[in-house]
Each structure stands twice: as structure tokens, then as C-alpha cells.
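Next come the chains, spelled out residue by residue.
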Amino acid sequence: MSWDALANWGPDATRLERLTGGTVNDIWSVRIGGRLAVGRLGTRSDADLSWEAELLQHLDQSGVAVPVPIPTTDGRLFVGGLTVMAYMEGGPPRTAADWRRVAETLRDVHRHTAGWPQRPGWKSSTDLLHTDTGTRINLNVMPVEAVTRCRAAWARLAGRPTSVVHGNPANGGNIRMTGDRVALIDWDEAHVDVPELDLVLPHNAGDLDPATLDIVGQASSAWEAAICWKDDYAVRRLAEVRPV
């Protein structure tokens, strides 16, 4: 796994500068065939990268603005953990109206991915009612009382329909807005789960009723606590989950 793989995108493929925001991957702006793009080098499995690439192509074909993978000169969408994606212009949401546009785009994602297969190795919130591990979540390392609180929050989601969720849309850094479109970037946390989890947004832009906002807000906090355990952020998110 190295940036030498970038040569598969052509003899003029060039790394430009490191980009901020990546915590798991090494992310750089790159130039491919004279156009600006984004390169992401990480340790995800080929099955995981295939799932993500297929999802992004499907969303793009469905009219959702996403960073579509750019193929190598021989048609591959990733090589040695490296993916090159289209560069998305724009800035983060700043107003309540901006966040409502984000919510509309997320609903498009959910509508176009009903019935989508689970990301390889991942578990949904309700899957974790019956298993202890999935991707970066390992409930075995959390205190028993913390696991009980998280599972109680996730149990309230049982029976709801599922779709692909972006996984971290409330982070404005994952949004690139222009006057005529909203693009969602950084799909590292995307997986199949209850779509309302994506709609816990600033200003309640997802227009969730109070009961639903309480249910999915608690479940979202529990998810963040579990996936980040046990840094200070995870401890703060767990504190938002009501004791059983």
C-alpha cells in the first residue's frame, strides 16, 4: 500500500497537497489527466472498496452529487487501497436553509438505496443488539453499563426500514454546497442502517417530530460513543445517552 499506485491513473498523475479531515486515510489533492481530483489511500479491503464504489456510481446515476471514483487507465476503480475521486467544488452549510437542503439530499440517498446490501464487515445499530463487534465497533471493550445504555437506545429503532446512511452528515466538512447542488463527500462511515439517523442535523433540518428526534438522537449518540470508544469525544457522547 503506497502512493506509487497513483501511476495506474496515467503517467502524468501527480500528488499535489495533503488535505485535512481524514482520520483513517491519507488524503491528497491530485491531478489526473489535467484535472483536479482527490486521492485517498487507506487499508480498507477490496470488498469494502467495491461496495463503496458501486454505491457512489449508483447515487451519481440517480442524480445525487457525490465524488464518483475515477477509473485507472485499465478501468479499475481502486488499486492497492488507493481510490481517486472527482473533486467536488463548494463550501459547508452555514444557515438553517442550507441544512434543510442537506436533509433533502440525504432523503434522496435513502430513497435510492432502500434494500441495499450491508457494507462488508459492518453492522447496523440494531444488529449490535445481538452481536458485539462490527468494523470499528467492539462492545467488549466498553463498560457493561455503557453497553446496556447503548443497546437500550438502539432497541428503540427495531423494526424501522433501512437504507444506506452517510454516517456523518452533521459534520459540515462532509458537505460541499453550491447554488444549485449539495454534494456529500467522505463516505467512510456509510453503511446500511435506519435512515433517520442521518437526519439528526443542526436546526432539526430533518424536520423530525420530537418523539422521533429523541429516539434517533439517543441512538446516534450511542453509535458515536461505541465507534470512538474511549476517547473524550466518545465519553461525552455516551453522557448524552440516558441510563436505563
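See the structure shown above.
Residues numbered from 1 in each chain as written. Predicted model: local features only at pLDDT ≥ 70, side-chain atom pairs only at ≥ 80, totals over all residues. Heavy atoms only, no water.

Description of the pairing of strand β4 (residues 82-86)
Point 1. Of all the 5 residues making up β4, 4 are buried; the element is thus mostly covered by neighbouring parts of the structure.
Point 2. Bridge count for strand β3 (residues 35-41) against β4 is 5 bridges, and the pairing is antiparallel. From the neighbouring strand, Leu-41 faces β4, where its bridge partner is Leu-82. (Buried < 20%, exposed > 50% of the residue type's maximum accessible area, 1.4 Å probe, protein only. Helix = DSSP H or I, 4+ residues; strand = E, 2+ residues; numbered from the N terminus. Pairing = 2+ DSSP bridges.)

Quick look at the state of the cysteines
Here a disulfide denotes a covalent bond joining the sulfur atom of one cysteine to the sulfur atom of another.
Point 1. Inspection of the entire model under this criterion finds 0 disulfides.
Point 2. This cysteine, Cys-228, is not joined by any disulfide, and Cys-150 carries the nearest cysteine sulfur, 11 Å off. (Disulfide = S-S within 2.5 Å.)

A word on helix α3 (residues 144-155)
Residues spaced three or four apart along an α-helix face the same direction, because each turn holds 3.6 residues.
Point 1. Relative to the 16 Å expected for 12 residues at 1.5 Å per residue, α3 spans 16 Å between its end C-alpha atoms, a close match to the ideal helical length.
Point 2. Among all positions of α3, only Ala-146, Val-147, Arg-149, Cys-150, Ala-153 and Trp-154 are buried. Along the long axis of α3, the arc covered by the buried residues comes to 160 degrees, so they all point the same way.
Point 3. Buried residues in α3 make contact with α4 (210-228) and α5 (232-239). (Expected span 1.5 Å × (residues − 1). Arc of directions from axis to C-beta. Contact = heavy atoms within 4.5 Å.)

Here's the deal with empty space enclosed by the protein
Point 1. According to the stated counting rule, one finds 1 cavity of 30 Å³ or more in the structure shown.
Point 2. Here the largest cavity defines a volume of roughly 30 Å³.
Point 3. Every residue lining the largest cavity is listed: Asn-25, Arg-40, Leu-41, Gly-42, Thr-43, Arg-44, Leu-49 and Gly-81.
Point 4. Looking at the lining of the largest cavity residue by residue, the class counts come to 2 nonpolar, 4 polar and 2 charged. (1 Å grid on protein atoms, 1.4 Å probe; cavity = no way out; pocket = protein on both sides within 12 Å on 5 of 7 lines; lining within 4 Å. Points joined across faces, edges and corners; volume = space filled by probe spheres on them. Nonpolar A, V, L, I, M, F, W, Y, C, P; charged D, E, K, R; others polar.)

Observations regarding the packing of α4 against α5
Point 1. Across the interface, α4 lies against α5 with an axial gap of 8 Å and an inter-helix angle of 155 degrees. Taken together, α4 and α5 sit at an angle that is classed as roughly antiparallel. The chirality of how α4 crosses α5 is left-handed. Mapping the contact onto sequence places Ser-220, Ser-221, Glu-224, Ala-225 and Cys-228 in α4 and Tyr-233, Ala-234, Arg-237 and Leu-238 in α5.
Point 2. When the residues that make up the contact of α4 with α5 are grouped by side-chain class, the tally is 5 nonpolar, 2 polar and 2 charged. (Axes fitted to C-alpha atoms, helices over the stretch in contact; angles between N-to-C directions. Parallel < 35°, antiparallel > 145°, perpendicular 65-115°, else oblique. Left-handed = near helix turned anticlockwise from the far one by under 90°.)

With respect to α5
Point 1. Inspection of α5 places Ala-234, Arg-237 and Leu-238 among the buried residues, and these make up the whole buried set. The buried residues of α5 occupy one face: seen down the axis, they fall within an arc of 100 degrees. Residues of α5 that are exposed and point over 90 degrees away from its buried face: Asp-232, Arg-236 and Ala-239.
Point 2. Of the surrounding secondary structure, the elements contacted by the buried residues of α5 are α3 and α4.
Point 3. Near the N-terminus of α5, the side chain that reaches the backbone nitrogen of Tyr-233, with its oxygen 3.2 Å away, is that of Asp-231. (Polar contact = N/O pair within 3.5 Å; in protein donor to acceptor, adjacent residues only side chain to side chain.)

Here's the deal with the layout of surface pockets
Point 1. Volume-wise, the second largest pocket comes out at about 270 Å³.
Point 2. Considering the residues around the second largest pocket, the lining is formed by 19 residues, among which Gly-167, Pro-169, Leu-197, Ser-220 and Glu-224 are closest to the centre.
Point 3. Secondary-structure elements contributing two or more residues to the lining of the second largest pocket are β10 (191-193), α4 and α5.
Point 4. Broken down by class, the residue content of the lining of the second largest pocket amounts to 7 nonpolar, 7 polar and 5 charged.

Focus: the pattern of salt bridges
Point 1. In this structure the tally under the stated criterion is 14 salt bridges.
Point 2. Of the charged contacts, one joins Arg-40 and Asp-188 as a salt bridge, the two residues approaching to 3.2 Å between their closest N and O atoms. Of this pair, Arg-40 sits in strand β3 while Asp-188 is found in the loop between β9 (182-184) and β10, placing the two residues 148 residues apart along the sequence.
Point 3. Of the residues examined, Arg-40 reaches a relative accessible area of 7% and is grouped as buried.
Point 4. On the basis of relative accessibility, which here comes to 8%, the residue Asp-188 falls in the buried class.
Point 5. For Arg-76, the salt bridge identified is with Asp-74, shortest N-O distance 3.1 Å.
Point 6. Look at the salt bridges and you will find they share partners, linking Arg-40, Arg-44, Asp-48, Glu-52, Arg-119 and Asp-188 into a network. (Salt bridge = Lys/Arg side-chain N within 4 Å of Asp/Glu carboxyl O.)

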